[in-house]
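Residue-level structural notes
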Amino acid sequence: MTNSGTTQRVSVIGLGAMGAALAQALLRGGHRVTVWNRTPAKAEALVGDGAVLAATAADAMAASDLVILCVLDDAAVREHLEPAAERLRGRTVVNLTTTTPEQARSLGAWAGGNGIDLIDGGIMAVPAMIGGPRAFVLYSGATAAFERYREVLGLFGRAEWAGADFGAAAMYDLAILGGMYSMFAGFQQGGRMVRTTGGTATHLATLMAPFLQAMAGLFGQYALGIDDPASYVPEQSADFTVGALRTIATAADESGTASELFEVLLKTVPGI
Ligand code: FVH
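Residues numbered from 1 in each chain as written. Predicted model: local features only at pLDDT ≥ 70, side-chain atom pairs only at ≥ 80, totals over all residues. Heavy atoms only, no water.

Scanning the chain from N- to C-terminus turns up 12 helices and eight strands. With the C-alpha coordinates aligned to their principal axes, the bounding extent of the chain is approximately 65 × 45 × 35 Å. Burial statistics for the chain: of 272 residues in total, 39% are counted as buried. Partitioning the intrachain contacts of the chain with sequence separation of at least 6 by distance along the chain shows that 60% fall at a separation of at least 24. When the accessible surface of the chain is totalled, it reaches about 14,600 Å², and 59% of it is carbon and sulfur. One way to put it: in the chain the 18 positive side-chain charges average out to a point 7 Å from where the 25 negative ones average out. (Helix = DSSP H or I, 4+ residues; strand = E, 2+ residues; numbered from the N terminus. Buried < 20%, exposed > 50% of the residue type's maximum accessible area, 1.4 Å probe, protein only. Contact = heavy atoms within 4.5 Å. Areas by Shrake-Rupley, 256 points an atom, 1.4 Å probe, with all protein chains shown as cover. Lys, Arg positive; Asp, Glu negative; His and termini not counted. Charge placed at Lys NZ, Arg CZ, Asp CG, Glu CD.)

Written as C-alpha cells, this is what we have:
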C-alpha cells in the first residue's frame, strides 16, 4: 500500500533480474501485482510472495491500469505491446527496458496513436539497489500519467522527471552510463600503467576512487561551459588540459601500455 493508502493493480512484464526486483518492490509496497515472463519458472518466488501469474503477456496487460515492461530490448517490447494495442487503450505503460532515445520516441508515437499513455524510464541502479536510498529512475513522456503514478514508481527509487520528450529519460540514462564507462576505461588504463612501476591496480583503486569522487564535485562548473558557453570562464584553460593529456599519453607510451584512450580524450577538449 502507498503512503496515501491506495492499493493499485500493477502488471510487470519481464521477470529477469531487474523485472523481478521491480515486482518485489511493488509487492512490498502492498500493491496487487500481476506478472508474466516468457520463462514462467522465474515467477515462482514472486507468486510465493503474493503475485498472480498471468497465462499470457496480453492477459497480464489486461489485468492492470498500470503496466510495467522490463525486458531485454526494444524488439522484445514491441513484440508484446503491438499485438495488445487494443487492450492497452486508456492504460499507462511504463517501459523500463533500456532503449535509445529514438526508440523511445518511436514507441511514444505508437502509444499516442493507440490511446495509450507511455512513460519511458531509465533505471539508475542494479537489481539489489531497487527500493533502496541510492536508486533512482529517470522518467519522461506522458506527464499527467507520471504524476498519477509517481508514488507507485517511487517504490523503485527516487523518481526523477526528465521531461515530456519521450526520449529524454533514455538520453540522460545513456549519458550517465557513458560517463561511467569512460571512468572505468581510465581505471583500466591506469591499472596497467602503475603495474609497470611495481604498483598494483588494487592500490590504485584505493587512491583513485576518493580523488574522482572529489573531482565529480566540479561537474556543476563544467556544466556551465556546455549550457551557456558564452558566459563561461573556465578555471583550467584548454591549453593546460591539452598539455596534461599529452603528458599522460607520453607516460602511457613510455610504459608500453599505450591505448587510444588519451588520443580520443584530446579530441574532446572544448575549444581545441
Ligand atoms: N540488471 C541491471 O543491472 C540493469 C540496470 C539498468 C536497466 N537494465 C535494463 O533492464 C532490462 C532487463 O534487464 P535484466 O537485468 O532484467 O535482464 P535479464 O535478467 O537478462 O532478463 C531479461 C528479461 O527479458 C526477457 N526477454 C528477453 N527476450 C524476450 C522476448 N523476446 N520476449 C519476452 N521476454 C524476453 C527475459 O525472459 P526469459 O529469458 O526469462 O524468458 C527476461 O525476463 C534491460 O533492458 C536492461 O538493459 C538492467
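Moving on, we come to the domain arrangement of the chain. With domains assigned, the chain is organised as domain 1 (9-164) and domain 2 (172-266). Here domain 1 and domain 2 have C-alpha centroids that lie 36 Å from each other. Each partner contributes residues to the interface: domain 1 has 10 residues there, and domain 2 has five residues. Summed over the three residues of domain 1 that lose the most area to domain 2, namely Thr98, Met124 and Leu138, the buried surface amounts to 60% of that side. Linking domain 1 to domain 2 there are zero salt bridges. Every element with two or more residues in the side of domain 1 that touches domain 2 is listed here: β6 (117-124) and β7 (136-141). (Domains from an automatic or database assignment. Buried area = accessible area lost by both parts, 1.4 Å probe. Salt bridge = Lys/Arg side-chain N within 4 Å of Asp/Glu carboxyl O.)

The positions that UniProt labels "domain: 6-phosphogluconate dehydrogenase NADP-binding" (unreviewed entry) are, in the present scheme, residues 10-158. Counted over residues 10-158, helix gives 40% and strand 23%. Its end C-alpha atoms are 19 Å apart. (UniProt positions renumbered as here; feature names shortened; annotations may be inferred.)

With that settled, consider the pattern of salt bridges. Taken as a whole and judged by the stated rule, the model has nine salt bridges. For glutamate 160, the salt bridge identified is with arginine 158, shortest N-O distance 3.0 Å. Beyond isolated ion pairs, a larger network of salt bridges with shared partners links Glu102, Arg105 and Asp165.

Counting buried positions along β7 yields six of six residues, so the element is predominantly enclosed. The side-chain alternation of β7 yields two buried faces, one formed by Phe136, Leu138 and Ser140 and the other by Val137, Tyr139 and Gly141. When β6 meets β7, the two strands line up antiparallel, connected through six bridges. Among the inter-strand pairings, isoleucine 119 is bridged to a residue of β7, identified as glycine 141. Direction of pairing for β7 relative to strand β8 (residues 158-163): parallel, over a ladder of five bridges. Counted as the bridge partner of phenylalanine 136 is arginine 158 from β8. Handedness of the β-α-β unit built from β7, helix α7 (residues 143-153) and β8 comes out right-handed. (Pairing = 2+ DSSP bridges. Right-handed = clockwise from strand over helix to strand, strands pointing away.)

Right, let's get into the site of the ligand. By nearness alone, 22 residues border the ligand, and Met18, Asn37, Thr39, Lys42 and Thr98 come closest of all. Separating an oxygen atom of the ligand from a backbone N or O atom of alanine 17 is a distance of 2.9 Å. A distance of 2.9 Å separates an oxygen atom of the ligand from a polar atom in the side chain of arginine 38. About the coverage of the ligand: the protein hides 76% of its 900 Å² of free accessible area. If you list the elements that add at least two residues to the shell around the ligand, you get α1 (17-28) and α4 (74-81). Per-class residue counts for the shell around the ligand are 11 nonpolar, eight polar and three charged. (Near = heavy atom within 4 Å. Polar contact = N/O pair within 3.5 Å; in protein donor to acceptor, adjacent residues only side chain to side chain. Nonpolar A, V, L, I, M, F, W, Y, C, P; charged D, E, K, R; others polar.)

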